[in-house]
Amino acid sequence: MASTSLSTILRVQNANISVPTGLFINGNFRKGRGKSITTIDPSLGTPVLPPGVTICGASKEDVDDAVKAARQAFQTTWGLNTPGTERSRLIHKLANLIERDQADLALLETVDSGKPISWSKADITDTVACLRYYAGWADKIVGQTLECNVKEKQGFTRHEPIGVVGAIIPWNYPMFAWKIAPALAVGCSLVFKPAENTPLSVLKIAELFNEAGFPAGVFNVVNGFGAETGSAIASHPGIDKVAFTGSTATGRAIAVAAAQSNLKKVTLELGGKSANIIFPSADLDQAVNWAALGVFENAGQSCSAGSRVLVHESIYEEFCKKIKIAAEKIKLGPTLDEETWQGPQVSETQFKRIMEHIRIGKEEDKGRVLTGGKQWGTKGYYIEPTIFVDISPKARISTEEIFGPVLVVLPFKTEEEALELANSTEYGLGSAVHSQDPSQIQRVAAKLNAGTVWINQYTFTGNNIPFGGYKTSGWGRELGSYGLENYLSVKAMHYYYGEPIEFPLKL
Amino acid sequence: MVNAEIALLGGRKVTTPTGLFINNEWVPSSDGGTFETVNPATGQKLLDVSSATSEDVDKAVAAARKAFNTTWGRHSVPTERARLLNKLADLIERDAQHLGELESVNSGKGLRVARDYDIGDCVACLRYYAGWADKITGQTIEVNSQAKFVYTTQDPIGVCGQIIPWNYPMMMWCWKTGPALAAGCTIVMKPSELTPLTALALCDLIVEAGFPAGVVNTLPGLGKTTGAAIAEHMDIDKIAFTGSVITGRTIMKAAASSNLKKVTLELGGKSPNIIFDSADVDQAAMWAACGVFYNSGQDCCAGTRLYVQEKIYDNFMAKLVKLAETASIGDPWDEATGFGPLISAAQRDKVLGYIESGISEGAKVATGGKKWANSPGYYVEPTILTGCKPEMKVVKEEIFGPVLVVTKFATEEEVLALANDTTYGLGAAVHTSNAKQAMRVSGALNSGTVWVNSYGALHNNVPFGGYKTSGIGRELGSHGINEYTITKAVHHNLLEDDASWPV
């Protein structure tokens, strides 16, 4: 029986967390007319919420209502009607409230997404930092003045908020700041769809928008399924821009829908098959640590995961020995346990896909499993950290994005070969160079076709450093000042104050 | 003694710092010397404040240098600098009433104005600059991608000497500390000897916020001794000064003669306010009154020369005189007060001297012209002198008091020539309802700030500074940050066999 109230109490460890279950539109929670969501705790394979309690899903009509609310806010109480210093103050307030409530939010995130609790806490710290970074931009949005001819004309550009933004985010990092923060900073309002696998934490944060004092309609949450809610957003004529992070296949569909509807602007953060390149001069122990982090972090569920390691043949054997040891040190376990490092995959569907890739790797690609290759435990969707060696770079698991804790290790002879291997992919999201040779580092970095190149590091992004893909890994950049551009339109003003003209004009 | 008792609103006694603040500690001056500070609304002495010697300046610079090399500068993380600046802003906001009272009793500002306007702006300024700390970017520059990797970094300049004036003591403190700290510089600050008290009280908040020792150091003292020692110091990398043109010149000479430290200056002005026939007369009159009488005229960009076009002259002047006569002059403790005394007897006498000079050169007093009789403080009435001509002393020289000189004009060409005929170039304004005229005239005025249909309003994200002898460099906005960074270009050679010798 569906729940008739719009919130529920979730008991996690010793906390009683009240969780809203409705859609959040125009500052209020309300029922949805779309297909509702039963969210599963992937460490157990069982529903998170009490029996009969579901999360409301948004229909096309609900999305319409959210867009109306967002548009109304943008034209009256938000957009450039609210000066940057006030937008800054509100975003800082939101950051402070998330920081205040981090314990409950982390618990919610863990049970909903399967992230181990220590990683959920780190995500919230990052979210707070990202909001604070963009709060600082809100009163620093500048255009240009352009000299034409001081006696008759002055040029200006105004950098204006684009309007109503549809944001569709994935389940691997449900904390949502990368889209929210820059959009709010410049004055856009949002219609926000979390992933159907992880609908909970953003609903809790919606309450904080009211507490922080954002005007109603600035931030709207429409949970739902991609086919219903996501596609309603992508094709909505009243949405000025859609920002999507997720699979390449869905990204394409969104871009097509955007083009066919109102040519809304589109940014996409899609998949990857990123290569970690280790040269002979590298500090091998460090390279191993970074490579292990790069692929096994978040159970491999990272768009920029370093899922291929290319190792120079002279250090290949030693590398394989060391990375096997590193992978086998990883502690899987209950997600609420502070000691657990790797959690389950987010869903049964993902689990099956990854296990299928592992089967393909063994049986069709004929690779050798150095470690792992099996389910871990008997409950939930855990997969052992898995490393394949002795496999072709053209094998399916060497080229397809797996999105799980599966690493492919490939040897190379020369720098040219390493670059050839690294760049032979339709993707171009992350990459890394491990080397102590300063010239080699720059040479290789210059030639890698990827939006991010880590040097003697992996994984860690920075709120002020742009992130995004070459090739089919996406369109546009998030983070840094670059992230602001996604949410701005440029208006050129030609201010004429010169002499009268005659008509027809003598050329 | 490094602190003393002072009576604030309602006679409430508090202890307030009066010593030197070096390395997060309070110390007396090395020779025990002090100077007096006075309440300009009563003429009464407030207390004695330590006067820093050049030996004290050496100690402060050493502390600032050590912090820059160990806990601040490039040894600090930008998000941490942002966090500390935001914390400081929060603390100032928390203590706004107390700091407002201290600012008011030391400077003569109305308490309401000090607390709600000055301190409100201060908090906003620090929060604005906190947001810049992790956004100071350099460039990567394509030269030859096969051969070189080249980039710039914007590094903090280093140890900065900052000398601030008495007209907006706390605001000037924040305008200087905000960008300097955001950029990663350390500071040796000399507040005005007339108004040291809030700068000193803020140092307790620096400690409470958690700034490492040596990042901010405050040395009250006299210009001739403390100020000179800072300007001449061989280990200060940059000096920022706000004050008179004369002192600005001295500082720049000292900077050049010592170690060629970088210099920025915010100096005086004699800013023209131009009212065209098409202006909204009521609005323009209020802007004009505010522009010259705010802070009792003690404002570097005060609109002190008024030019009114002939058709509206009589109507406009009638309104303006009425506004001057209804300035809310009073006791600074009174919440209704918007117009306080001048800062000192010397300043008051100087202003009265200028009024005499104007009269002797033929100007007429339309209103004011005298001391305000209702108080022993250093008050001068809002004063308007009409019939002023360009050769008059009162038209050419900065008075720094509530004295407006008025000239009637006929044409746009004529008034532009008059407006620009000055060695200064800090502020200027044009009031008109003609869009083309607004664009033409604002483009033609040689001034660091031009207001159109307003006067005086500044914002933390908009740069401010002077043309000509009004100064060098800009404060506020991103420009403010640029003045505290220095560019380093790094060229990485990628080719292994590129060197050649002999050429």
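Quick caveat: nothing in here was measured; it's all calculated off a predicted structure.

Caption draft 1: Summary view of the nonpolar core. Membership of the largest hydrophobic core comes to 140 residues, with the highest contact counts inside it found for Phe214(A), Phe219(A), Ile92(B) and Phe211(B). When residues of this core are assigned to their parent elements, the largest contribution, 10 residues, is made by helix H5 (residues 169–183) of chain B. Every residue in contact with Ile92(B), bar those within four places of it in the chain, is listed here: Leu99(B), Ile119(B), Val123(B), Leu126(B), Met170(B), Leu202(B) and Leu205(B). Core analysis: the next-biggest nonpolar cluster, separate from the first, contains 28 residues, Ala363(B), Ile399(B), Phe409(B) and Val430(B) among them.

Caption draft 2: Quick peek at the interface of chain B and chain A. Taken together, the contacts link 16 residues of chain B with 17 residues of chain A. Of the roughly 1500 Å² buried between chain B and chain A on both sides combined, carbon and sulfur atoms contribute 62%. A per-residue breakdown of the area chain B buries against chain A is headed by Lys135(B), Met439(B) and Leu494(B), which together make up 36% of the total. Inspection of the region where chain B meets chain A yields 1 salt bridge. Ionic pairing is found between Arg443(A) and Glu496(B), a salt bridge with its closest N-O pair at 3.8 Å. One can count 5 residue pairs in polar contact (both at pLDDT 80 or more) joining chain B with chain A. Looking at which element gives the most residues to the side of chain B that touches chain A, the answer is helix H14 (residues 435–444) of chain B, with 4 residues.

Caption draft 3: Just unusual backbone geometry, in detail. Along the chain, Phe503(A) connects to Pro504(A) via a cis peptide bond; the corresponding omega equals -10°. By the element assignment, Pro504(A) lies in the segment after strand S24 (488–496). Although it is not a glycine, Leu260(B) adopts a positive phi angle of roughly 50°. Looking at where Leu260(B) falls in the secondary structure, it is placed in the loop between helix H8 (245–257) and strand S13 (262–266). Under the relative-accessibility criterion, Leu260(B) is labelled exposed at 61%.

Caption draft 4: The arrangement of helix H10 (residues 313–329) of chain A in detail. Residues and elements named next belong to chain A. Along its 17 residues, H10 runs 25 Å from first to last C-alpha, staying within 8% of the 24 Å computed at 1.5 Å per residue. Where H10 bends most, at Phe 319, the angle is about 30°. Three or more residues of H10 are buried, namely Ile 315, Tyr 316, Phe 319, Cys 320, Ile 323, Ala 326 and Ala 327. Those residues of H10 hidden inside the fold are in contact with strand S16 (275–278), helix H9 (284–296), strand S17 (308–312), strand S18 (368–371), strand S19 (386–389) and strand S20 (406–412).

Caption draft 5: Layout of the pairing of strand S2 (residues 15–20) of chain A. Residues and elements named next belong to chain A. Bridging between strand S1 (residues 7–12) and S2 involves 6 bridges; their strand directions are antiparallel. Across the sheet, the residue bridging to Val 12 is Ala 15, located in S2. Two successive antiparallel strands, S1 and S2, enclose a turn made up of 2 residues, where Gln 13 displays a positive phi of approximately 50°.

Caption draft 6: Molecular detail of the packing of aromatic side chains. The final tally for this structure, using the stated rule, is 25 aromatic pairs over all chains. Relative to Phe214(A), the ring of Trp78(A) has its centre 5.7 Å away and its plane inclined at 55°; by these criteria the two rings are tilted. Taken together, the positions of Trp78(A) in the loop between helix H1 (60–76) and helix H2 (84–100) and Phe214(A) in the loop between helix H6 (200–212) and strand S13 (219–221) put the pair 136 residues apart, joining distant regions of the chain. For the pair Trp78(A) and Phe214(A), one class covers both residues: buried. Stacked on the ring of Tyr487(A), the Lys or Arg Lys241(A) has its end atom at 5.1 Å from the ring centre. In this structure, Lys135(B) packs its charged tip against the face of Tyr133(A), placed 4.1 Å from the ring centre.

Caption draft 7: Layout of a nonpolar patch on the surface. A cluster of nonpolar side chains, Tyr496(A), Ile501(A), Leu505(A) and Leu507(A), forms an exposed patch at the surface whose accessible area comes to about 530 Å². In this structure, Tyr496(A) sits in strand S24.

Caption draft 8: Molecular detail of the pairing of strand S12 (residues 189–193) of chain A. All names here are of chain A. Of all 5 residues making up S12, 5 are buried, and the element is well covered by its neighbours. With burial as the criterion, each face of S12 is covered, one bearing Ser 189, Val 191 and Lys 193 and the other bearing Leu 190 and Phe 192. Here strand S11 (residues 164–168) runs beside S12; their pairing, made up of 5 bridges, is parallel. Across the sheet, the residue bridging to Val 164 is Ser 189, located in S12. In this sheet, S13 lies alongside S12 in parallel orientation, the contact comprising 3 bridges. Bridging across to S13, Val 191 finds its partner in Asn 220. Each parallel crossover has a hand, and for S12 linked through H6 to S13 it is right-handed.

Caption draft 9: Highlighting the sheet that holds strand S9 (residues 145–149) of chain A. All names here are of chain A. Taken together, the 3 strands give an open sheet; going across it, the order is S9-S10-S24, and neighbouring strands pair in antiparallel fashion. The open sheet is flanked by S9 and S24, the only strands paired with a single partner. Sheet twist, expressed as the average angle between the axes of neighbouring strands with direction ignored, equals 20°. Judged from the 4 bridges that link them, S9 and strand S10 (residues 153–161) form a sheet pairing that is antiparallel. Directly across from Leu 146, in S10, lies its bridge partner Gly 155.

Caption draft 10: Broad picture of the packing of helix H13 (residues 412–420) of chain B against H14(B). Residues and elements named next belong to chain B. In contact at an axis separation of 11 Å, H13 and H14 are set at 30° when each is read in the N-to-C sense. What the angle tells us is that H13 and H14 run roughly parallel. Two packed elements cross with a definite hand, and for H13 against H14 that hand is right-handed. Packed against H13, whose contacting residues are Glu 412, Leu 416 and Asn 420, the element H14 presents Gln 437, Arg 440, Val 441 and Ala 444 at the interface. Of the residues belonging to the contact of H13 with H14, the class tally is 3 nonpolar, 2 polar and 2 charged.

Caption draft 11: Spatial organisation of the pattern of salt bridges. Residue and element names in this part refer to chain B. According to the stated counting rule, one finds 57 salt bridges over all chains in the structure shown. Taking the shortest distance from any N to any O, the salt bridge between Asp 56 and Lys 59 comes out at 4.0 Å. Of the two residues, Asp 56 and Lys 59 are both situated in helix H1 (residues 54–70); the distance of 3 residues between them amounts to about one turn of the helix. Note that Arg 115 is salt-bridged to Asp 116, the shortest N-O span being 2.8 Å. Under the relative-accessibility criterion, Arg 115 is labelled buried at 15%. Given a relative accessible area of 42%, Asp 116 falls into the partly exposed group.

What counts and how
Residues numbered from 1 in each chain as written. Chains lettered and ligands numbered in written order. Predicted model: local features only at pLDDT ≥ 70, side-chain atom pairs only at ≥ 80, totals over all residues. Heavy atoms only, no water. Core = buried A, V, L, I, M, F, W, Y, C linked by side-chain atoms within 4.5 Å. Buried < 20%, exposed > 50% of the residue type's maximum accessible area, 1.4 Å probe, protein only. Helix = DSSP H or I, 4+ residues; strand = E, 2+ residues; numbered from the N terminus. Contact = heavy atoms within 4.5 Å. Buried area = accessible area lost by both parts, 1.4 Å probe. Salt bridge = Lys/Arg side-chain N within 4 Å of Asp/Glu carboxyl O. Polar contact = N/O pair within 3.5 Å; in protein donor to acceptor, adjacent residues only side chain to side chain. Expected span 1.5 Å × (residues − 1). Bend = angle between axes of the 7 residues up to and from the residue. Pairing = 2+ DSSP bridges. Phe/Tyr/Trp six-rings, centres within 6.5 Å; stacked < 30°, edge-to-face > 60°. Lys NZ or Arg CZ within 6 Å of the ring centre and 35° of its normal. Patch = residues over 30% accessible without salt bridge, like charges linked within 9 Å, V, L, I, M, F, W, Y side chains within 5 Å. Areas by Shrake-Rupley, 256 points an atom, 1.4 Å probe, with all protein chains shown as cover. Right-handed = clockwise from strand over helix to strand, strands pointing away. Axes fitted to C-alpha atoms, helices over the stretch in contact; angles between N-to-C directions. Parallel < 35°, antiparallel > 145°, perpendicular 65-115°, else oblique. Left-handed = near helix turned anticlockwise from the far one by under 90°. Nonpolar A, V, L, I, M, F, W, Y, C, P; charged D, E, K, R; others polar.

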